[in-house]
Amino acid sequence: MKRQLPFFLVFVFGAFMAIQYFVPHKTSEAIYEFFIDILPIIGVFALALGIWSLTKVSVDKIRYRRENWQYAIFTLLGLFLMILFGFTDENWGFHWRMSPEVAGEGTDNPNFRLLFNYVMIPIQATMFALLAFFIASASYRAFRARNLLATLLLIAALILMLRFTPFFGDWIGLRLSETATWLMNVPNTAAQRAIVMGVGLGLVATALKVVLGIERDYMGRG
Amino acid sequence: MEFWNFFWTTVAAFFTLATFSFLYKDNPLYKIAEHLVVGVSAGFFVMVLWHTTLVPNLIDRLADGRWIYLIPLVLGLMMWFRFSKKLSWMSRYPMAVYIGIGAGVAIPLEMATKVIRQLNGMMRPIDWENFFGAGWLDVTAGFSGILLFVGAIAGLIYFFFSKAHTGVFGGVAKFGLWILMLGFGASFGFTVMARISLLINRIQFLDNEWISNAFDSSNEHYTVMYPILFWLVILGLVAYIVYEIIAYRRRGPEETAGTT
């Protein structure tokens, strides 16, 4: 009951959703829409588990003075400030839902926006910008023309990179712009399509294994 | 630029520089930025999902008397039994419903979008009249269309490992690998330039929005606090660098070496 019933539920819901795709009936479509509708709602409750876990890990880190415990304070501070601002307006009035009558509440709270615009965005953008340096060192290793395959990789990447530089990009003699566009639209699209189709077939196979109960590890043990 | 605007720009500049400090090594300034962004991002998504998903899709509907939505509420609450050692098995039921629906939807949809639509896209009529194209490497040329189709099929064959890559099959797989390498190279070059443009954006932010405003005395809100805030951040960074140099001299390179 504790273990077999969940797998039975996976089969029933999975089989229904897969078969429904081919059944153009009003009732069947309404049930399909309802299930699609409730999926994100259940997902939000699952997110609460993650937030609880993050809070517990951070609090335990501080309580037991684990390594780098001081930084967990910043995690908790950021988390609870965002939640506090998300439930209040600019005059600190509590609102559990956003209404059109009240300005600057919830995600429109100016304090919420300040943390988003001046803390979250700059740090995340800089973290991605940091990759420019690491990708440069990765290029050094990848771009050595040791054999034909590595040379193809090197040539394609060089053309793409030079195409976006102000000097070479506009150099008509090299025809970099057309070559880069062709590389992106023909060989790159062909390669991406091969990968996407492989991924698609793999996903379908995995989903079938899950629905039929062949793949069961996701439910955990015990 | 008003004072509080500049103050928050300075905060953003501090976190930008703190994140860039990772290039030297994993250090306290980077760790503060890293831990803060985890908390702020989590809080951001909690509130966005609360206001855009939970309230309109569940609470408002229940308030309107649509009791069918008690089902996701009960299933969602059952997820929380995971906290109980005795009753954690109950969290498997909502998990089963979630995975069942997700997997069931994925079977026809993935097949339609990731396989059939892709096949559809690459099987375009060959333009024999414009076979080599109007100009240099014409994307619309018939030759490009054939290469797109043959390249994708050859790429798929390369990923097929149930048959040994020998003979004609091996030759096609090899051609597929060439196409894959050209594709990976193009993607890699494109990604490098995307990261470079992000880097340029951050440098422009520091220059145009922070440093320029710190010393722009033509600004009607300009006070002495503007350069003071700027120099405070710089002083903080310099103080950290001096501390690192002293620590390096005292303890030697082994203990102060970067952890990156």
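Look above for the structure.
Caption draft 1: A look at the overall build of chain B. Regarding its fold elements, chain B presents 8 helices and 0 strands. Taken from the N to the C terminus, the helices and strands of chain B come in the order α-α-α-α-α-α-α-α. Taken against the 2.2 N^0.38 rule, which gives 18 Å for 260 residues, the C-alpha radius of gyration of chain B at 29 Å runs more than 25% over that of a compact globule. Expressed as lengths along the three principal axes of its C-alpha atoms, the size of chain B is roughly 70 × 65 × 50 Å. Accessible area for chain B stands at about 14,100 Å²; split by element, carbon and sulfur atoms hold 68% of it. Here chain B contributes 18 positive and 16 negative side-chain charges, whose respective centroids are spaced 17 Å apart.

Caption draft 2: Just the interface of chain A and chain B, in detail. Between chain A and chain B, the residue contacts involve 117 residues of the former and 115 residues of the latter. Interface of chain A and chain B: buried area, both sides summed, is about 10,800 Å²; carbon and sulfur atoms make up 83% of it. D37 of chain A is paired through a salt bridge with R61 of chain B; the nearest N and O atoms lie 2.6 Å apart. Elements represented by at least two residues in the side of chain A that touches chain B include exactly α1 (4–20), α2 (26–63), α3 (69–86), α4 (110–142), α5 (148–163), α7 (176–185) and α8 (187–211) of chain A. The element that contributes the greatest number of residues to the side of chain A that touches chain B is α4 of chain A, accounting for 22 residues. Broken down by class, the residue content of the side of chain A that touches chain B amounts to 87 nonpolar, 21 polar and 9 charged.

Caption draft 3: Spotlight on helix α5 (residues 142–158) of chain B. Across its 17 residues, α5 of chain B extends 24 Å between first and last C-alpha, which sits within 8% of the 24 Å expected from 1.5 Å per residue. Here α5 of chain B has its buried residues at G142, S144, G145, L147, L148, G151, A152, A154 and G155 of chain B.

Caption draft 4: Spatial organisation of unusual backbone geometry. All names here are of chain A. With a phi close to 60°, N68 is a non-glycine residue in the positive phi region. Within the element layout of this structure, N68 appears in the loop between α2 and α3. In this structure, W92 is a non-glycine residue whose phi angle is positive, near 65°. Locating W92 in the fold gives a position in the loop between α3 and α4.

Caption draft 5: Spatial organisation of the packing of aromatic side chains. Taken as a whole, this structure holds 35 aromatic pairs over all chains when the rule is applied. Ring geometry for F87 of chain A versus W50 of chain B: centroids 5.3 Å apart, planes at 80°, classification edge-to-face. Of this pair, F87 of chain A sits in the loop between α3 and α4 while W50 of chain B is found in helix α2 (residues 28–63), placing the two residues in two different chains. Measuring from centroid to centroid gives 6.4 Å for F175 of chain B and W178 of chain B, while their planes differ by 70°, and the two rings are edge-to-face. Placement of the pair is F175 of chain B and W178 of chain B together in helix α6 (residues 167–214), with a separation of 3 residues, close to one helical turn. One aromatic cluster is present, built from ring pairs that chain together Y118 of chain A together with F3, W4, F6, F7, W8, Y222 and Y226 of chain B. It is R65 of chain A that lies over the ring of W69 of chain A; its NZ or CZ is 4.4 Å from the centre. The ring of F205 of chain B is capped by R202 of chain B, whose NZ or CZ atom sits 4.7 Å from the centre of that ring.

Caption draft 6: Highlighting the pattern of salt bridges. All names here are of chain B. Counting across every chain of the model gives 8 salt bridges over all chains. As a salt-bridge pair, E110 and K114 come within 2.9 Å of each other at their nearest N and O atoms. Separated by 4 residues within a single helix, E110 and K114 lie in helix α4 (residues 92–122), roughly one turn from each other.

Caption draft 7: Geometry of the nonpolar core. V119 of chain A together with F15 and W210 of chain B are the most contacted members of the largest nonpolar core, which has 40 residues in total. Listed by contribution, the elements that provide at least two residues to this core are α3 and α4 of chain A together with α1 (3–20), α2, α6 and α7 (225–251) of chain B. Residue contributions to this core peak at 10 residues, all from α2 of chain B. Setting aside anything within four residues of it in sequence, one finds F15 of chain B in contact with Y118, V119 and I123 of chain A together with I32, A33 and L36 of chain B. Formed by 27 residues, the second largest nonpolar core is a distinct cluster that contains L148, A152, L182 and A186 of chain B.

Conventions used here
- Every chain is numbered on its own, with residues counted from 1 as its sequence reads.
- Here every chain gets a letter starting at A, and every ligand a number starting at 1, in the order they are written.
- Whole-chain, interface and lining totals are the exception, using all residues; otherwise, since this is a predicted model, local features are given only for residues with pLDDT of at least 70 and side-chain atom pairs are given and counted only at 80 or more.
- Side-chain metrics in this entry use all non-hydrogen atoms of the structure; hydrogen atoms and water are not considered.
- We count a stretch as a helix when DSSP gives it H or I for four or more residues in a row; a strand needs E for two or more, and each element gets its number in order from the N terminus.
- In this treatment the radius of gyration is a C-alpha quantity, and the globule benchmark scales as 2.2 Å times the residue count to the 0.38 power.
- All accessibility values rest on the Shrake-Rupley procedure with a 1.4 Å probe; residue burial counts only the protein chains present in the view.
- Residues counted as positive are Lys and Arg, residues counted as negative are Asp and Glu, and His and the chain ends are not counted.
- For the purpose of locating charges, the reference atoms are NZ of Lys, CZ of Arg, CG of Asp and CD of Glu.
- The criterion used for residue contact is that any of the two residues' heavy atoms lie within 4.5 Å.
- We define buried area as the total accessible area lost by two parts upon association, computed with a 1.4 Å probe and summed across both.
- Only one rule defines a salt bridge in this text: a Lys or Arg side-chain nitrogen within 4 Å of an Asp or Glu carboxyl oxygen.
- As a working rule, the residues Ala, Val, Leu, Ile, Met, Phe, Trp, Tyr, Cys and Pro are called nonpolar, Asp, Glu, Lys and Arg charged, and the rest polar, with Gly in that last group.
- How far a helix is expected to stretch is found by multiplying one less than its residue total by 1.5 Å.
- Type-normalised accessible area, obtained with a 1.4 Å probe on protein chains alone, sets the label of each residue: buried when under 20%, exposed when over 50%, and partly exposed for intermediate values.
- Aromatic rings from Phe, Tyr and Trp, taking only the six-membered ring of Trp, are treated as a pair when their centres fall within 6.5 Å; an angle between ring planes under 30 degrees marks them as stacked, one over 60 as edge-to-face, and anything in between as tilted.
- Counting as a charge over the ring demands two things of the Lys NZ or Arg CZ atom: a distance within 6 Å of the ring centre and an angle within 35 degrees of the ring normal.
- Here, the term nonpolar core denotes a set of buried Ala, Val, Leu, Ile, Met, Phe, Trp, Tyr and Cys residues that are joined through side-chain atoms within 4.5 Å.

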